[in-house]
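Coordinate inspection notes
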Amino acid sequence: MTAHKTRVELFIGKGGVGKTTLACATAVAQARSGRRVLIASLDQAHSLGDALGFRFPHDPGTVTGVATVLPGLDVIEIDSLALLEDRFRDVARLLSTGRGHRHGVDLAALDPAELTGLPGVQELLMLVEITQFAADDDWDLIVVDCPPSADMLRLVTAPGTLLGYVERIWPPHERAMSATGTDLHRAVLAATVERIVKAVTEVRELLADHRRTGARLITVAERVAVAESERVRSAATLLGLRLDAVVVNKVLPDLPAPSAPGGAEHPAVQWYSNRRGEQSDVIGELRSRMRGTPVVIAQHAGPEPIGLNSLAALSCAMESAGDTGDAALMLSDNQTEVDASSGEPLVLRESGTGLQSVYALRMHLPVVDAATLRLGRVEDDLIVGADGVRRRVRLAPVLRRCTVDGAELADEYLVVRFRPDPRIWAHTSESHDHDR
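First, a word on what this report is: a plain description of the structure on this page. Here the structure is a predicted model, which means the values were calculated and not measured.

Rules used in this analysis
- Residues numbered from 1 in each chain as written.
- Predicted model: local features only at pLDDT ≥ 70, side-chain atom pairs only at ≥ 80, totals over all residues.
- Heavy atoms only, no water.
- Helix = DSSP H or I, 4+ residues; strand = E, 2+ residues; numbered from the N terminus.
- Expected span 1.5 Å × (residues − 1).
- Buried < 20%, exposed > 50% of the residue type's maximum accessible area, 1.4 Å probe, protein only.
- Salt bridge = Lys/Arg side-chain N within 4 Å of Asp/Glu carboxyl O.
- Lys, Arg positive; Asp, Glu negative; His and termini not counted.
- Polar contact = N/O pair within 3.5 Å; in protein donor to acceptor, adjacent residues only side chain to side chain.
- Contact = heavy atoms within 4.5 Å.
- Core = buried A, V, L, I, M, F, W, Y, C linked by side-chain atoms within 4.5 Å.
- Axes fitted to C-alpha atoms, helices over the stretch in contact; angles between N-to-C directions.
- Parallel < 35°, antiparallel > 145°, perpendicular 65-115°, else oblique.
- Nonpolar A, V, L, I, M, F, W, Y, C, P; charged D, E, K, R; others polar.

Quick look at helix 8 (residues 223-238)
Taking 1.5 Å per residue as the helical rise, helix 8 with its 16 residues ought to reach 22 Å, and the 24 Å between its terminal C-alpha atoms agrees with that figure. Judged by how many residues are buried, helix 8 sits mostly within the fold: 12 of 16 residues are covered. Of all the residues in helix 8, the buried ones are A225, V226, E228, S229, E230, V232, R233, S234, A235, A236, T237 and L238. Two residues or fewer past helix 8, G240 is found with a positive phi of approximately 85°.

Right under this line is the structure:
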């Protein structure tokens, strides 16, 4: 099977920091360098057209297609409601096989608009759409203009949350039995659920693939932005999302040296100089706290950058972080972490053999407030929470036969240690566990 080559770059950040503008500037610059680029908006307050100076053709009630704004640059504003209605009709047709609804699901009793109240449904559909675009390999790069930070983090957790619910409510082996059983209606339902699980699993795998997907956090040079950037970095790392860079937008250029030394400064010049100094201090603090993550400068453009030419000029004014391809994997000094090429934790045997073994689960976790760290175990999952975000981590097979022995957080890494459970360990050989 041919490996997919399309890379995905997520532009995340609070509202009003210039996320859409910089996403568009990056897309224009990449397209003009000869790459095939798609820029997609997941933010329901779409503003790609405003930034690009382009009017999208909209037909109410239909899924918006991809539009070309210049050679090599395509754009789409994903309408999640229209997408929901379209996919709902597809599922309803699949489940309407035969007469009646003896599988117990009657989608005709629902209106698609009612599903908008279900958390994460629209967001998941948009992510499925992006994943399909990436799988098509029609573009070299997909730039994604994301919703504000808090909404985006919930969006990233949606695939794992849904898959976890489905696995517990209707486990894979039971779905497989239903799919091959004699009850046609239940088989159709199982096949439909399996189709949904496959699509959502592909989304989760794309987001976790550090060789294909990364994120740029857009912020501004203000004190409050430092803590917010740290929290987003912590959350992104916990959720397995690679953070390529922090881009500080709207940074004032340096003042030229005064032509007449010793003269009184105009108040406006003094304000500008003080403000530039404050921004420099914030940037310095960001660089010291965001260890291992490039901090990139995007200078203030002066006039509002609207249209392709203005966006191209803005991209040229940005301080380049270089190609974020494989180099972006070097966010860790630990070569084992780099080789993992994903945000999944690593499992190592630290010492001992057999019942005396000590295993360690190690994951990068730059927690802002260590007091928020929470750990728990539910069956075969480890629950990790920090800085207001929680992730359910499926334990490796060898750890499922162990009990938690302790945990520590040091140097931005969480290490959870396990020891074999004598009641379970004896049922399988140690060598079998290592092979798995």
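So that's the structure; there's more coming.
Quick word on the pattern of salt bridges
In this structure the tally under the stated criterion is 22 salt bridges. For R394, the salt bridge is made with E167, and the minimal N-O distance between the two is 3.3 Å. Of this pair, R394 sits in strand 13 (residues 389-394) while E167 sits in helix 5 (residues 149-169); the two residues are 227 residues apart in sequence, bridging distant segments of the chain. Through salt bridges with shared partners, one network takes in E167, D381, R392 and R394.

Some thoughts on the side chain of D74
Take D74: it is sitting in strand 4 (residues 73-77). One buried charged residue, D74, remains without a salt bridge, the closest side chain of opposite sign being R36 at 8.6 Å. A polar contact is formed between the side chain of D74 and the side chain of W139, at a distance of 2.8 Å. Setting aside its immediate chain neighbours within four residues, D74 contacts V37, L38, I39, V66, A67, T68 and W139.

Things to note about the nonpolar core
Counting residues in each nonpolar core, the largest one holds 63 residues, and the members touching the most others are L10, I12, L42, V144, V248, V384 and F418. Core analysis: the second largest hydrophobic core is formed by 31 residues, V69, L141, V296 and A298 among them.

Brief notes about the packing of helix 4 (residues 121-136) against helix 7 (residues 184-208)
At a closest axis distance of 9 Å, the pairing of helix 4 and helix 7 adopts a crossing angle of 70°. Here helix 4 is positioned roughly perpendicular relative to helix 7, judged by the angle of their axes. Of helix 7, the residues touching helix 4 (which contributes L124, L127, V128, T131 and A134) are A199, V200, E202, V203, L206 and L207. For the contact of helix 4 with helix 7, the per-class residue count stands at nine nonpolar, one polar and one charged.

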